[in-house]
Amino acid sequence: MLAACQSNTYKIKGSVDDIADGDTLFLTTDLQLGIPRDTILVKDGQFELSGETDSTYFCLIYNKDNENLTVPLFIEPGTIKVILSKTPGASRVGGTYINEEWQRMNDSTMVIGKEINNIAEKLYANDKATQEEQDKAMSRIEQLNNRFKSIVLDATERNIQNELGYFLLTMYPEEIISNSNRLRLIKMMPERLRRREPIPQMEQLISNSAKTEEGSTIKDFTMNTIGGAPLNVMSEIKKNRITILDFWASWCAPCRQEMPLMLDIYKTYKDKGLGIVGISLDEDEDAWKKATDQLNIPWPQMSDLKGWDNAAAQMFNITSIPHTVVIDQNGKILRRGLRGEQLEKFIAEQLK
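Caption draft 1: Geometry of the sheet that holds strand β15 (residues 333–336). The five strands are arranged β13-β12-β11-β14-β15 in an open sheet whose pairing can be described as mixed. The open sheet is flanked by β13 (301–302) and β15, the only strands paired with a single partner. Relative to strand β12 (residues 274–280), strand β11 (residues 242–248) runs parallel, the two being bridged by seven bridges. Each residue of the ladder has a partner; that of Trp 248, found in β12, is Ser 280.

Here it is, written out as structure tokens:
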């Protein structure tokens, strides 16, 4: 009995720089509000926390006075080693199997993220970049994004029998882990994980999304434009050879960053039969209108102002934005989720 109890014991042993003796760190499992579950005192740059757990779960250790002093980890039996640093990306976890696997994946994706950011910063800072330079940069970003997806998928599959695989499968959206891979991974799960409520819900969502997969025909729907006039989506689609449904929102920074490219695509191909319909996941009509004006968006906009509960977003199982759906004149879905260079190439091929 004593051995069984000891097997459930965990100990967090950590170090932290530039923090005074007696300062506190907090451990939370509340990822939205950060309500502390435990308080940890720091002494001589070291900290410890021990306890018992009969399960493995995700949490954060953070310092309320410095947002950079934050590290995500998994509580599980064993000695969990933590290095907490103010330098972005320098904090580390390890010591137990899941935390070692978690850190291994993060090390790989962090390198990719830094390279993508560097390419994007140089591209946006260079007003004189040629089209060839822009295409080369976007192509490299696309390659890196695909590598990112591959790393996440590999980590999820390698750990699908444990809590890390479950966490990754339920955390990442369809754009990172495709629905076909989700269904395959769910079948590999042990029953104890597969019975958890999010998994049957995920299976149901995937089943529903099959109705809006590539090759299917969309159902018609109507929403209001800015100002409250109703707009029927098929009435717009029938006007064009190809129509892009662009799911976005005024508060979505990546959406706004990609809008200049969307404008370029529209200007290049609108006379060849391209149309775009923006579907906003905003809740504030004034913010929606202001963003549309600021970004000089010329194509029709529609929304029911219900945010993520937007009826069209629910219909298309949209879990992240920006997200595009390319549709032909008859309402058939040709491609989903294309962005950047891939989107432009596909439109160019369709409108030869």
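Caption draft 2: Just the pattern of salt bridges, in detail. Under the definition given, this model contains 14 salt bridges. Arg 192 is the salt-bridge partner of Glu 163, the closest N and O atoms lying 3.9 Å from each other. With a gap of 29 residues between them, Glu 163 in helix α4 (residues 163–171) and Arg 192 in helix α6 (residues 191–194) connect regions that are remote in the sequence. For Glu 163, a relative accessible area of 12% puts it in the buried group. We note a salt bridge from Glu 236 to Lys 239, for which the minimum N-O separation is 3.0 Å. A relative accessible area of 11% places Glu 236 in the buried class. You can call Lys 239 exposed: its relative accessible area is 58%. Taken together, the salt bridges that share partners define one network made up of Glu 101, Arg 104, Asp 154 and Arg 158.

Caption draft 3: Main features of a negative patch on the surface. Taken together, Glu 283, Asp 284, Glu 285, Asp 286 and Asp 309 make up a surface patch of like negative charges. Following the sequence through the fold, Glu 283 ends up in the loop between β12 and α10 (285–294).

Caption draft 4: Up close: the nonpolar core. Counting 55 residues, the largest nonpolar core has Ile 12, Phe 47, Ile 61, Leu 73, Trp 102 and Leu 169 as the members making the most contacts within it. When residues of this core are assigned to their parent elements, the largest contribution, eight residues, is made by helix α3 (residues 131–158). If we skip the residues at most four places from it in the chain, Ile 12 touches Leu 27, Phe 47, Glu 48, Leu 49, Ile 61, Leu 73, Ile 75, Ile 80 and Val 82. By size, the runner-up hydrophobic cluster in this structure holds 46 residues, among which are Ile 218, Leu 245, Cys 252 and Val 326.

Caption draft 5: How the structure looks around the packing of aromatic side chains. If you walk through the whole model with that rule in mind, you get 11 aromatic pairs. A centroid spacing of 5.7 Å and a plane angle of 35° characterise the contact between Phe 26 and Tyr 62, whose relative ring orientation is tilted. Of this pair, Phe 26 sits in strand β2 (residues 24–28) while Tyr 62 sits in strand β5 (residues 57–63); the two residues are 36 residues apart in sequence, bridging distant segments of the chain. Neither residue differs from the other here; Phe 26 and Tyr 62 are each classed as buried. Ring pairing ties together the aromatic residues Phe 58, Phe 74, Trp 102 and Phe 167, which thus form one cluster. Lying over the aromatic face of Tyr 166, Arg 196 brings its terminal NZ or CZ to 4.7 Å of the ring centre.

Caption draft 6: Quick peek at the packing of α4 against helix α7 (residues 198–209). Interaxial distance between α4 and α7 falls to 11 Å at its minimum, and their mutual angle equals 40°. Taken together, α4 and α7 sit at an angle that is classed as oblique. Every pair of crossing elements has a handedness; the one defined by α4 and α7 is left-handed. From α4, Tyr 166, Leu 169 and Thr 170 reach across to α7, where they touch Pro 198, Ile 199 and Met 202. Partitioning the contact of α4 with α7 into residue classes produces five nonpolar, one polar and no charged.

Cut-offs and rules
Residues numbered from 1 in each chain as written. Predicted model: local features only at pLDDT ≥ 70, side-chain atom pairs only at ≥ 80, totals over all residues. Heavy atoms only, no water. Pairing = 2+ DSSP bridges. Helix = DSSP H or I, 4+ residues; strand = E, 2+ residues; numbered from the N terminus. Salt bridge = Lys/Arg side-chain N within 4 Å of Asp/Glu carboxyl O. Buried < 20%, exposed > 50% of the residue type's maximum accessible area, 1.4 Å probe, protein only. Patch = residues over 30% accessible without salt bridge, like charges linked within 9 Å, V, L, I, M, F, W, Y side chains within 5 Å. Areas by Shrake-Rupley, 256 points an atom, 1.4 Å probe, with all protein chains shown as cover. Lys, Arg positive; Asp, Glu negative; His and termini not counted. Charge placed at Lys NZ, Arg CZ, Asp CG, Glu CD. Core = buried A, V, L, I, M, F, W, Y, C linked by side-chain atoms within 4.5 Å. Contact = heavy atoms within 4.5 Å. Phe/Tyr/Trp six-rings, centres within 6.5 Å; stacked < 30°, edge-to-face > 60°. Lys NZ or Arg CZ within 6 Å of the ring centre and 35° of its normal. Axes fitted to C-alpha atoms, helices over the stretch in contact; angles between N-to-C directions. Parallel < 35°, antiparallel > 145°, perpendicular 65-115°, else oblique. Left-handed = near helix turned anticlockwise from the far one by under 90°. Nonpolar A, V, L, I, M, F, W, Y, C, P; charged D, E, K, R; others polar.

Shape is all these values report; function is a separate question.
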